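Secondary and tertiary structure notes
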Amino acid sequence: MVRQSKNALEVKGLHKRYDGGVEALKGIDLTIKEGSFFGLLGPNGAGKSTLIHSIMGLVVPTKGTAAVFGHDVVTDYQAARAYAGLAPQEPNLDWFLTVEETLDFHGGYYGMRKAKRKERIDELLEVFSLTDKRNSRAMMLSGGMKRRAILARALMHKPKLLILDEPTAGVDVELRLELWQYIKRINKEGTSILLTTHYIEEAEQLCDSIALINHGKIIHQGTSVELKKQYKKKTLEDVYLSLVGREELTREQAV
Ligand code: ADP
């Protein structure tokens, strides 16, 4: 029986040790409330991708549990995956498929009927200014267009939890603003968001809750205001620098 849950994500005591011995997650506890815009910040190697991949069923945790809207990512992985959508950092598109085929196959994989797929594809192509690239193969798209296609694909099956892994890395200002406008809108309409980003100001502006992760552990979690208070810092960037032990880089000290 599926437990009713209002939490978009509930992670309890999650551990991951890769073959070879690296312990990427060392007991993660994390709750994302439904409707939240949640930021996960941490340096390279902190365990962000391992956590996201565990949620998406791409990595099998060694210990602990994770559930998306009450569906366990291991024992009930099909439902968990249907509730979640991932826009990965790497543009992992099939280069030989057209934009339309990319979205259509994804929708089909999630059991959407043809008419529904067509309707959703038209809508997403319009939203992401991809309508005239409909029949272009992924390999022919510019970097920004690939990013848009990845986002459209993640949204195709209308996930209730959208996971964005560094969505604005290397993206121009125009696309960045366009993207946030759309993400903020779907968040207001009820989609829960899990965002990882290196743009800390972006997280500060967008996220209602932020978790700091390092060495496979959640160090602190709260609103940006709470974190600044706790670390006695003026900006979230300074909190972050303190977390990674690089306080000398604070902008206050820069001329
Ligand atoms: P982040 O996304 O925060 O940069 P990762 O989850 O990618 O962090 O990595 C966490 C740790 O796990 C790092 O030490 C990394 O080298 C290691 N790691 C990641 N993926 C693998 C893998 N497939 N096999 C072995 N070690 C891995």
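The coordinates are above.
Residues numbered from 1 in each chain as written. Predicted model: local features only at pLDDT ≥ 70, side-chain atom pairs only at ≥ 80, totals over all residues. Heavy atoms only, no water.

We now examine the overall build of the protein. Of regular secondary structure, the protein possesses nine helices and 10 strands. Over its C-alpha atoms the protein spans a radius of gyration of 19 Å, differing by no more than 12% from the 18 Å that the globule rule assigns to 255 residues. In terms of overall dimensions, the protein has a C-alpha envelope of 55 × 50 × 40 Å along the principal axes. Among the 255 residues that make up the protein, the fraction classed as buried is 51%. Restricting to contacts in the protein with at least 6 residues of sequence separation, those with at least 24 account for 66%. When the accessible surface of the protein is totalled, it reaches about 13,200 Å², and 51% of it is carbon and sulfur. (Helix = DSSP H or I, 4+ residues; strand = E, 2+ residues; numbered from the N terminus. Rg over C-alpha atoms; globule rule 2.2 N^0.38 Å. Buried < 20%, exposed > 50% of the residue type's maximum accessible area, 1.4 Å probe, protein only. Contact = heavy atoms within 4.5 Å. Areas by Shrake-Rupley, 256 points an atom, 1.4 Å probe, with all protein chains shown as cover.)

Moving on, we come to the sheet that holds strand S2 (residues 23-33). Taking strand neighbours across the sheet as the criterion, the four strands line up as S2-S1-S4-S5 in an open arrangement whose pairing is antiparallel. Pairing within the sheet leaves two strands with one partner each, and these edge strands are S2 and strand S5 (71-72). Strands in contact with helix H1 (residues 48-55) are strand S1 (7-17), S2 and strand S4 (63-68); relative to S2, the strand with the most contacts, it is inclined by about 65 degrees. (Pairing = 2+ DSSP bridges. Axes fitted to C-alpha atoms, helices over the stretch in contact; angles between N-to-C directions.)

All chains considered together, the criterion is met by four aromatic pairs. Ring geometry for Tyr109 and Tyr110: centres 5.2 Å apart, planes at 85 degrees, overall edge-to-face. When the ring centre of Phe69 is taken as reference, the NZ or CZ atom of Lys160 above it lies at 4.7 Å. We note Arg176 situated over the ring of Tyr199; from NZ or CZ to the ring centre the distance is 4.1 Å. (Phe/Tyr/Trp six-rings, centres within 6.5 Å; stacked < 30°, edge-to-face > 60°. Lys NZ or Arg CZ within 6 Å of the ring centre and 35° of its normal.)

Once that is clear, we can look at the layout of surface pockets. Of the pockets and cavities examined, the largest pocket occupies roughly 250 Å³. Every element with two or more residues in the lining of the largest pocket is listed here: strand S6 (84-87), helix H3 (99-109) and helix H5 (143-155). No other element matches the three residues that S6 contributes to the lining of the largest pocket. Considered class by class, the residues forming the lining of the largest pocket number eight nonpolar, four polar and two charged. (1 Å grid on protein atoms, 1.4 Å probe; cavity = no way out; pocket = protein on both sides within 12 Å on 5 of 7 lines; lining within 4 Å. Points joined across faces, edges and corners; volume = space filled by probe spheres on them. Nonpolar A, V, L, I, M, F, W, Y, C, P; charged D, E, K, R; others polar.)

These figures come from the coordinates and say nothing about function on their own.
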